[in-house]
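Fold and contact review
Here are the chains, one letter per residue:
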Amino acid sequence: MSEPIQAPVEPEILVERRGSAGLITLNRPKALNALTLGMVREMRRALDAFAVDPAVTRIVVTGAGGRAFCAGGDIRVLHDLGKAGRHAEALQFWREEYELNILIKRYPKPYVSLIDGIVMGGGVGVSINGSHVVAGEKFVFAMPEVGIGFFPDVGGTYFLPRIPGEIGAYFALTGERMKQGDALSTGLATHAMASERFTEVLDALCGRETVDHVLEGFADVATQPASVTARRAAIDACFRFDAVEETMSALAAAAAAGDQWCGQTLATMRTKSPTSMKIALAQVRAGRALDFEAAMTTEFRIVSRICRGHDFYEGVRAVIIDKDNAPRWQPATLDEVTPAMVEAHFAPLGEGELVPPAIPR
């Protein structure tokens, strides 16, 4: 009897040189292109090779499937490793992911992300940190980590405090979503265009025209409104504090005065991990004074403590595994999360520190 024919396994990353472009396609569409360690390593290999290839003058990164650029890291795998006590293996993913983020931020050639769909968590790290970010009308950005007992990493320590006003703090503490108009108005996206033009712009980026010239020729006004930026005054007023409790008090006062949006924002924050919110606010405040490498070193310090804590595993259980959306945070209230507990997440690691990678020239 003949052996059954097995379907070929699709590679998780597609890499090719097309014209003058090094083209990288994230290729796990059924998993919304969620990053695995293998994908991180393949991207690193491709970027290292393209950096020294004189025929490649720019990088273009896309996501397969049409629904998502990349919805984040493969959180379930990291949860399972940590629950099994295999913290070193989980941390190896974050170490290599953060090294990749630094490489992208410092890449010696233009790095263009074409985003027309979901971009969250780890997907943000391999897109927003590049030199050019193009948002289609289906663009949806979020850093929802405080809702699973985590924190906004992959460079969030650096780019969130550099968004005008307190919008970065707002995104860090609420995990709320941003669409195309907000991406453009906050500076997280460098260009906006219609989704139907993405195939055409990709073809043009593979030619000899400079990246800036190509994108300027396709750029358009955002078709999706800047709904978050429109709330700038309320966000700045309520999120300007250095304590989460003060922000929530300000939101409560505004809600009592009739601001329904502030009331909804307050209700959202009450569902998040108290520890994660305090860490997130501390990292956003600290990040104002950090360069990118120092920000990523800080994030690796935080994740090294988070992965040995409680809330990350409880958050993943509640949101991703059991889906009961009823996490039991420890500590359960903001009052119980002391400054010393927050500061412990930022302490140096000694020999375990993240070492920024050498950038090819």
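See above for the structure.
Residues numbered from 1 in each chain as written. Predicted model: local features only at pLDDT ≥ 70, side-chain atom pairs only at ≥ 80, totals over all residues. Heavy atoms only, no water.

Comments concerning the layout of surface pockets
The cut-off we apply is this: Points on a 1 Å grid over protein atoms alone make up a cavity when a 1.4 Å probe fits among them but cannot get out, and a pocket when they form an open set with protein on both sides within 12 Å along at least five of seven lines; lining residues each have an atom within 4 Å of a point. Grid points are joined across faces, edges and corners, and a volume is the space filled by probe spheres set on the points. For the purposes of this entry, the term helix denotes a DSSP run of H or I that reaches at least four residues, the term strand denotes a run of E that reaches at least two, and both are numbered from the N terminus. Nonpolar residues are Ala, Val, Leu, Ile, Met, Phe, Trp, Tyr, Cys and Pro. Charged residues are Asp, Glu, Lys and Arg, and all others, Gly as well, are polar.
Approximately 850 Å³ is the volume attributed to the largest pocket. If you go around the largest pocket, you meet 37 residues; those closest to its centre are M120, P144, I148, V319 and I320. Counting only elements with at least two residues in the lining of the largest pocket, the list comes to α2 (75–83), α3 (87–105), β6 (118–120) and α15 (311–321). The class makeup of the residues in the lining of the largest pocket is 19 nonpolar, nine polar and nine charged. A volume near 310 Å³ is recorded for the second largest pocket.

Some remarks on the pairing of strand β1 (residues 13–18)
So the rule is basically this: In this analysis, strands are considered paired if DSSP registers two or more bridges between them.
Bridge count between β1 and strand β2 (residues 21–26): six bridges; the pairing is antiparallel. Paired with R17 across the bridge in β2 is G22. With antiparallel pairing between neighbouring strands as the criterion, β1 and β2 make up a hairpin whose turn holds two residues, including G19 at a positive phi of roughly 60 degrees.

A short note on the packing of aromatic side chains
This is how the line gets drawn: Pairing of aromatic side chains here covers Phe, Tyr and the six-membered ring of Trp, requires ring centres within 6.5 Å, and sorts the geometry by plane angle: under 30 degrees stacked, over 60 edge-to-face, intermediate tilted. Buried residues are those whose accessible area, probed at 1.4 Å on protein chains only, stays under 20% of the maximum for their type, while exposed residues exceed 50% and partly exposed ones sit between those limits. Counting as a charge over the ring demands two things of the Lys NZ or Arg CZ atom: a distance within 6 Å of the ring centre and an angle within 35 degrees of the ring normal.
Scanning the model with the defined rule gives 12 aromatic pairs in all. Considering the side-chain rings of F312 and Y313, the 5.1 Å spacing of their centres and the 65 degrees angle between planes classify their relative orientation as edge-to-face. There is no split in this pair, since F312 and Y313 are both buried. Among the aromatic residues, those joined into a ring-pair cluster are F93, W94, F150, F151, F312 and Y313. Looking at R162, its charged tip hangs above the ring of Y158, at a distance of 3.8 Å from the centre.

Quick look at unusual backbone geometry
Across the junction of Q330 and P331, the peptide omega takes the value -5 degrees, indicating a cis bond. Structurally, P331 is set in the loop between α15 and α16 (339–344). Of note, the phi angle at L32 is positive, near 55 degrees, even though the residue is not glycine. Within the secondary structure layout, L32 lies in the loop between β2 and α1 (37–51). The phi dihedral of N33 is positive, around 60 degrees, even though this residue is not glycine. With respect to the element layout, N33 can be found in the loop between β2 and α1.

A look at the pattern of salt bridges
Formally: What counts as a salt bridge is simple: a side-chain nitrogen of Lys or Arg found within 4 Å of a carboxyl oxygen of Asp or Glu.
In total, this model carries 20 salt bridges according to the counting rule given. When the shortest N-O distance is used, the salt bridge between E245 and K278 registers 2.7 Å. Placement of E245 in helix α11 (residues 244–256) and of K278 in helix α13 (residues 274–287) is noted, with a sequence separation of 33 residues between them. The class of E245 is partly exposed, set by a relative accessible area of 25%. Judged by its relative accessible area of 14%, K278 is buried. Linked by salt bridges that have partners in common, E166, D242, R285 and R288 make up one network.

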